Amino acid sequence: MSVCKGAAITKLSITDQELLGFVQPFLVTRLPVLENIGTEYAKNYRQAEEQEVNVAGDYQLVYKPGSSLAQCESSDSTSIPIWKCKYFDMPTAKHREKHSMPCNIAVTQPRKISASSLARWISKERSWTLGEFVGYQLSLENVSTKETRLLYMTTGVLLQKIISAKSLTQFTHIFIDEVHERTEEIDFLLLVTRKLLCTNSQSVKIILMSASINSKELADYFALPVHYGMNPVCVFKVEGRPFAVEEYYLDDLKDIFDFQLYCVNLITSFSKQLHPQSLGEPVIKRTMYEVAVSLIQSFDEFEKRSNREKKNLSDLLERGSVLVFLPGLGEIRYMHSRLSDKYQRWQVYPLHACATLEEQSKVFSATVPGYRKVILATNIAESSVTVPDVKYGRAGRVSKGYCYRLIFKDFWADCIPEKLEPEMLHCPLGATVLKLKRLDIGEPKALLAAALSPPTVDDVERTIVQLKELGALTTCVQTEENLPDGELTFLGMVLTQLPVDLHLGKLIVLGHVFGCLEECLIIAAALSSRNFFAVPFKKHVDAYRKKMFFAGNSRSDCIAILNAFRAWQACKAKGKLRSPMEELEWARSNCVDINKIKEVAELFHNLKRRVRAFNMHVKAQPSAVDQEYVCKQRFILQVVIAGAFYPNYCTFGKCNEEIAMKDLAGKDPKTTVMLKNMPPYGYIYHKQLQSLLRQCGQVKSISYNGSRAFVEFSRNPKEIFKVLPEVYLAVKMSQLKIPFELSVHYPEDIRRQVQGAAAAGLEFLRVNVDCQKQTVEPVEISFGDLQMSKMISSRFLSIRVTEIVEVGHFWGYRTDEKNIAVLQALSAEIDYQNLMDLAVPPCVDVLCMAPFTYLGKRGYYRAHVLYIHGDRAEVFFVDYGNRSEVPLNKLKEIPSCLQGLPFQALEFKICKMCPSARSLVCGERWSRSASQRFASLVSGCTLLVEVYSLVHGVLHVDVFRHWGHQGLLSVRDVLIEECHAERAEESYKSQQSHDLLKELFLDQAKEEEQMPVVSAGQEKKHLIERLLNCFSEKNSEAPTHKVTVFGPFSPYQLKCYGLTKISQFRNVLIHKDSINSIVVNFGAEDPFQQLLVATNVSVTAAGSVILGETSLMPPIHGLLALLSMLFAPAIELRVDKSGRYFTGVLCGLGLSQTSGAPLLPANDMEVTFDVHFGLEDITEINSLRTAMNKLLCEQAVHSGQEQVAELQENVRQKLLLICKSKPRDIIDPTWYENPYAWNQVDSQRIIDESEKQHERGNFVYQPHKLVLLND
């Protein structure tokens, strides 16, 4: 091979043994000639030396007409034949001797596994220490020293080196392998090397290697201009000796050898279903898995027949290895399970990108005699790894082989392209454009036009506009001729140095600005890597439960990732995960992939080191932090997430509560789900239904109403008001299409057990199953809360608070004379009874008698077991509403005479009130100061409450306290005045109850007389008991068939909608792995637009928008509009017709300065205000943006740590001031009549604060234009 004095671009089909021989002369001044190449190889070099031509500069290039690449299959990086080498003098060797230049050789590989494996193999073959003479460098691993002369690396690592140095001269020779893959990185590398070879890197030698690319295309691309035309580069071919490979398709399989009859029938039926040229969903049907397994089984018979034909009398059948290509890890797992079920003499190994070194080595190990090796691989085995003993699959390397394509031949010929389209033509170009801007070698649009396969001008211009929206390029252009360009901002500069997606890089930078860098580094590392949350087989519900646990009350996938990672870190710090078994057990119990979370840790530390170059340092956590600090930090992190992933903003449609309430039969949506298509006599199978839902949680009751069933889960009395996790888990089962099948009897068989006219009414009888009391009783009419209202004798009640759940939510009992008498009589009856020990060990949710001491007097009271901790239980006293912890051995059976009496404790909620922004920012829902203030207002005294409504057993009330000379004070008014709370509207259910209670209080006696009897007659109850007994597991025959039940559902589940113009009329779906794939509204007060932010957005072939890794922002009024204005590149405020109020805002990139058209209309967002925003609010937003810019500039890199900390604290305080200010007035949304239209405001009313500055600068966040309002 001739490597000329100038830049020689050479295209090879070459093995790594050959590559090692080729680079040897640069290391020992001699160049090997490989025997299999022969004299033609040497002849090419001599001709190249003789035909050198002088051109401008130092270019001396040779083109050998007619040379082309051998279409062989022996060129993979890990294909390792053994060759004998001999040496002779070559021009390059002479060049080195003449100038005494040291060599520094880089070899790129598209995948990490290839780069590291090759370096290890060469070091082993040469008996060198890895990392000294030969090494490798990956994004997270650098095994090399200053003495390394042959460095293997990924394509991305080489690009980073070139971009940082802005030249190629740190290497003398660069080998770029697998150029045929035409990834974005490879095409960009070719573009950059071509450009730099013409400028500042003329002495560097570039060698391009591939087995299947058009060599002439590359030779022409790198041809260099001379005074008489173009001087092409050298093209050399390395002859290979591939063995024959026989190819078969589905059409052929049933004819080539004795195939199992079952499999032949599968192929025949499959061919009828699938037209050869139909392109459906890219999925492997189970039929094809069966075909593949049967095909592998048939290889034994095929090889036996082949041996007989060759008259091979050996008893031991030499079994060839099988390589099965599959799309991804999920398909590999399924195929592995199908093969493992067959109990054949197979050694099955998975091979994919995340395979460890140990797993990879097993693939190359020798097969146990008598066994067959089966390798299940992704396309990593197509270009990065070659297994030498493969006979079936990608064969032909060392012997004859067979290739079976499990598709039809016509489909292969007509629908599968010979070559894949270069990635640069269809992938995002953002990172590429930023790297070109960093290199500063020309305008991106012009440079990309010179790519091997240039993207369209529209794609490049759109990318530049998107980078401006991101903040990586300035929005203001320098010249009118340079509109589709912009200057690199400080943010853009940082993004070029981070090996993560651009939005993840922005997350890191904003994390630094707002003082939560460590959290953002962890999230970015996790989102950049593969998801470390594992979903074990048939454990989807458990995986979702764990993710919800790690998310806490945040409803954020990002925060779930952060908390899971920190939990793992904490366990390691405590020394709990010292052994691999401990690690695996922790990972299994938390549904985490331990290897992936370790990869995230490596990337986290790598990113932390990288950002130090920009004066971004992770702060040490304060030694002692209170809950308020933790909550503030979480809120700030949520704001940063919203800023990093702007404009991936969505919201939820409002729930029609009136319809939803009817669908759920008035039951509590926080605790209840619904199932449909229940079979006749469905209550007979209530234990089956309870068993199916057991993985979700404890079922309290099941109500049957026709063909529907309503399942209510147990709620802890001290739980705050929220949708139970059990409800989310149950709805998740439906979303995951987990089958709900009941084993049932035919209705006629059941009907025969009940004679008479009454049998007809039992099929779809209203029945309530109490799973705690284990009773099944008919219910004719369900009045729900109306029955409990009989306990409320008046609209005004005097009460005493015994247990505070949270601000505005508490338990207590009535202190009126009548109720005190009831409690005294109940205590007397208990004292009279001879209480017995529990017959069975106590469990959660059981009712019992528990001891309690009050004012020195000990007594027993009715109680509900909440938790059991060792030999003690936490109980809730159902007649007073307080809790206590008691020894298990002190619990007693509840006497039968006391079981039916109503519980006297009442649950209360202050009506028309919700947490303020300050409380939401500083607490889980309520801040610590709010909780303390509320406790001081309601504890230790008798309160007066006015009943507003009764909703799902909870009294919604207004609470008054007598306060000295001030008289009665409303607790709600005090909390609102002190900014702990805000006014809110009551839910539809509460308002409906309020109207009913008003009538009840007007004529209490009349209502009591007209109240229907709820319980059904004894006859129906007896018939139900008879059916349950007849069809119990002990007494009945086995069920005859199965019925599929639909659900579980919640009619309160919300639908998501996009906020950007392009997504407003599209179907928006949330990925099933996201926590927010299910969002249930529980009829809360004052519904409003709540912001949902997605870290990534994709579009299906049908046009549906898929949101991945989402975060639900806190339920603060106006937060959606506030964050949209804070992070939008530009805004235009909407004004009402009177010109006195702002009604909304248009957010986006704004208008073109020349054409007047929107720069990026697809991402414009029309946001309508639901709270009042004034001019002072926009001014505060501008002030915050200015403060952010001080940390997003070059000067901040050179600032001291104290100054940086001051700037960060200033940003944090300004943010909290905007969000925690006095509650804004709620207004009715007014939709703008001309949405998404810019330039709608009279220019004379606009104040452009940027004009006050002498120059706008390369700031990320320019100040927004203000609009003057009329008085």
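Residues numbered from 1 in each chain as written. Predicted model: local features only at pLDDT ≥ 70, side-chain atom pairs only at ≥ 80, totals over all residues. Heavy atoms only, no water.

1. Points about the overall build of the chain
Now for step 1: Scanning the chain from terminus to terminus reveals 42 helices and 47 strands.
Now for step 2: Classification of the 1271 residues of the chain by burial places 53% in the buried group.
Now for step 3: For the chain, contacts bridging at least 24 residues in sequence account for 73% of all contacts bridging at least 6.
Now for step 4: When the accessible area of the chain is evaluated, it comes to approximately 58,200 Å², of which 51% is carbon and sulfur surface. (Helix = DSSP H or I, 4+ residues; strand = E, 2+ residues; numbered from the N terminus. Buried < 20%, exposed > 50% of the residue type's maximum accessible area, 1.4 Å probe, protein only. Contact = heavy atoms within 4.5 Å. Areas by Shrake-Rupley, 256 points an atom, 1.4 Å probe, with all protein chains shown as cover.)

2. Structural notes on the pattern of salt bridges
Now for step 1: Summed over all chains, the structure comprises 40 salt bridges.
Now for step 2: With a shortest N-O distance of 2.5 Å, Arg751 and Glu763 are connected by a salt bridge. Residue Arg751 is found in helix H29 (residues 747-751), and its partner Glu763 is found in the loop between H29 and strand E23 (767-770); the two are separated by twelve residues along the sequence.
Now for step 3: Given the relative accessible area of 32%, Arg751 is considered partly exposed.
Now for step 4: Taking the relative accessible area as the measure of exposure, Glu763 reaches 18% and is therefore buried.
Now for step 5: In this structure, Arg1134 engages Glu1166 in a salt bridge whose closest nitrogen and oxygen atoms are separated by 2.9 Å. Highlighted residues: Arg1134 in strand E43 (residues 1130-1135) and Glu1166 in strand E45 (residues 1165-1168), separated in sequence by 32 residues. With respect to burial, Arg1134 and Glu1166 carry one shared label: buried.
Now for step 6: Residues joined by salt bridges that share partners form a network here, namely Asp300, Glu303, Arg319, Arg372 and Lys391. (Salt bridge = Lys/Arg side-chain N within 4 Å of Asp/Glu carboxyl O.)

3. Brief notes about the packing of aromatic side chains
Now for step 1: Inspection of the entire model under this criterion finds 27 aromatic pairs.
Now for step 2: Consider the rings of Tyr289 and Tyr334, whose centres lie 4.6 Å apart with planes at 65°: the pair is edge-to-face. Linking Tyr289 in helix H10 (residues 286-309) with Tyr334 in helix H11 (residues 329-340), this pair joins segments that are 45 residues apart in sequence.
Now for step 3: Residue Tyr289 is classed as buried on the basis of its relative accessible area of 7%.
Now for step 4: Among the aromatic residues, those joined into a ring-pair cluster are Tyr248, Phe299, Phe302, Tyr392, Tyr402 and Tyr404.
Now for step 5: If you follow Arg405 out to its NZ or CZ, it ends over the ring of Trp412, 3.8 Å from the centre. (Phe/Tyr/Trp six-rings, centres within 6.5 Å; stacked < 30°, edge-to-face > 60°. Lys NZ or Arg CZ within 6 Å of the ring centre and 35° of its normal.)

4. Quick look at the nonpolar core
Now for step 1: By size, the foremost hydrophobic cluster in this structure holds 159 residues, and its most contacted members are Phe514, Phe532, Phe1127 and Met1188.
Now for step 2: Setting aside residues no more than four positions away along its own chain, Phe1127 makes contact with Leu510, Phe514, Val639, Ala642, Gly643, Tyr646, Tyr649, Arg1185, Met1188 and Tyr1261.
Now for step 3: By size, the runner-up hydrophobic cluster in this structure holds 65 residues, among which are Cys650, Ala660, Val744 and Leu1027. (Core = buried A, V, L, I, M, F, W, Y, C linked by side-chain atoms within 4.5 Å.)

5. Some details on helix H20 (residues 517-528)
Now for step 1: Over its twelve residues, H20 runs 16 Å from end to end, which matches the ideal 16 Å to within 8%, given 1.5 Å per residue.
Now for step 2: Of all the positions in H20, only Leu517, Glu518, Glu519, Cys520, Leu521, Ile522, Ile523, Ala524, Ala525, Ala526 and Leu527 are classed as buried.
Now for step 3: Contacts made by the buried residues of H20 are with helix H19 (502-513), helix H22 (557-573), helix H24 (594-611), helix H25 (627-644), strand E41 (1092-1099) and strand E42 (1105-1112). (Expected span 1.5 Å × (residues − 1).)

6. Let's talk about the side chain of Ser554
Now for step 1: Here Ser554 shows up in the loop between helix H21 (540-551) and H22.
Now for step 2: Polar side-chain contacts of Ser554 include one of 2.6 Å to the backbone oxygen of Ala551.
Now for step 3: For Ser554, the residues in contact, after removing those within four places along its chain, are Ile559, Arg634, Gln638 and Leu1112. (Polar contact = N/O pair within 3.5 Å; in protein donor to acceptor, adjacent residues only side chain to side chain.)

7. Let's talk about the sheet that holds strand E29 (residues 872-877)
Now for step 1: Strand order in this open sheet of four strands is E27-E28-E29-E30, and the pairing throughout is antiparallel. Looking at the sheet topology across the chains shown, the edges are occupied by strand E27 (847-854) and strand E30 (883-887). Averaged over all pairs of adjacent strands, the angle between their axes in this sheet comes to 50°, without regard to strand direction.
Now for step 2: As judged from the eight bridges shared by E27 and strand E28 (residues 857-869), these two strands associate in the antiparallel manner. (Pairing = 2+ DSSP bridges. Axes fitted to C-alpha atoms, helices over the stretch in contact; angles between N-to-C directions.)

8. Quick word on the packing of H20 against H25
Now for step 1: Running from N to C, H20 and H25 point in directions that differ by 50°, and their axes come no closer than 10 Å. Considering the angle they form, H20 stands oblique to H25. Between H20 and H25 the crossing geometry is right-handed. Of the residues in H25, those touching H20 at Glu519, Cys520 and Ile523 are Gln633, Leu637 and Val640.
Now for step 2: The residue inventory of the contact of H20 with H25, partitioned by class, reads four nonpolar, one polar and one charged. (Parallel < 35°, antiparallel > 145°, perpendicular 65-115°, else oblique. Left-handed = near helix turned anticlockwise from the far one by under 90°. Nonpolar A, V, L, I, M, F, W, Y, C, P; charged D, E, K, R; others polar.)

9. A look at the sheet that holds strand E44 (residues 1142-1148)
Now for step 1: Overall, antiparallel pairing links the three strands, which are arranged E43-E44-E45 in an open sheet. Both edges of this open sheet fall to E43 and E45, since each of them pairs with a single strand only. Within the sheet, the average angular offset between the axes of one strand and its neighbour, ignoring direction, is 20°.
Now for step 2: Those strands touched by helix H39 (residues 1119-1127) are E43, E44 and E45, and its axis lies near 140° from that of E45.

10. What about the packing of H20 against H24?
Now for step 1: Contact geometry for H20 and H24: axes closest at 8 Å, N-to-C directions at 130°. By the angle between their directions, the pair H20 and H24 is classed as oblique. H20 and H24 meet at a crossing whose hand is right-handed. Residues Leu517, Glu518, Leu521, Ile522, Ala525, Ala526 and Ser528 of H20 form the contact with H24, whose own contacting residues are Val600, Leu603, Phe604, Leu607, Lys608 and Val611.

11. Considerations on the pairing of E30
Now for step 1: Residues of E30 alternate between two faces, with Ser884 and Val886 buried on one and Arg883, Glu885 and Pro887 left unburied on the opposite face.
Now for step 2: Where E29 lies against E30, five bridges are found, and the strand directions are antiparallel. Looking at E30, one finds that Glu874 is bridged to Glu885.

12. Considering unusual backbone geometry
Now for step 1: A cis amide bond links Tyr646 to the next residue, Pro647, at an omega of 10°.
Now for step 2: Along the chain, Pro647 turns up in the loop between H25 and strand E18 (649-652).
Now for step 3: Residue Ser127 is not a glycine yet carries a positive backbone phi of 60°.
Now for step 4: Relative to the assigned elements, Ser127 resides in the loop between helix H4 (112-126) and strand E5 (134-137).
Now for step 5: The backbone of Arg555 shows a phi angle near 55°, a positive value even though the residue is not glycine.
Now for step 6: Mapping Arg555 onto the fold places it in the loop between H21 and H22.
Now for step 7: Accessibility expressed as a relative area gives 14% for Arg555, which makes it buried.

13. Details of the state of the cysteines
Now for step 1: One pass over the structure, following the stated rule, counts zero disulfides.
Now for step 2: Cysteine Cys516 remains unbridged, with the sulfur of Cys520 as its closest cysteine sulfur at 4.0 Å.
Now for step 3: For Cys516, a relative accessible area of 0% gives the class buried.
Now for step 4: Sulfur of Cys848: no disulfide; nearest cysteine sulfur belongs to Cys843 and is 9.7 Å away. (Disulfide = S-S within 2.5 Å.)

14. Observations regarding the confidence of the model for the chain
Now for step 1: Looking at the chain, the pLDDT average stands at 82 and 82% of residues meet or exceed 70.
Now for step 2: A low-confidence stretch, residues 1-18 (pLDDT under 50), is modelled with 101 contacts involving residues beyond four sequence positions or located in other chains.
Now for step 3: This stretch, residues 24-98, has a pLDDT under 50; its non-local contacts, to residues over four places away or in other chains, come to 180 contacts. (pLDDT = per-residue confidence, 0-100.)

15. Observations regarding helix H15 (residues 430-439)
Now for step 1: H15 sits mainly inside the fold: nine of its ten residues count as buried.
Now for step 2: For H15, the set of buried residues is Gly430, Thr432, Val433, Leu434, Lys435, Leu436, Lys437, Arg438 and Leu439.
Now for step 3: In this fold, the buried residues of H15 make contact with helix H5 (155-165), helix H6 (184-197), helix H16 (444-448), helix H17 (457-470), helix H18 (490-495) and H19.

16. Focus: the environment of Lys998
Now for step 1: Within the secondary structure, Lys998 sits in helix H36 (residues 988-1002).
Now for step 2: A relative accessible area of 46% places Lys998 in the partly exposed class.
Now for step 3: Between the alpha carbons of Lys998 and Val947 there is a distance of 9.8 Å; along the sequence they are 51 residues apart.

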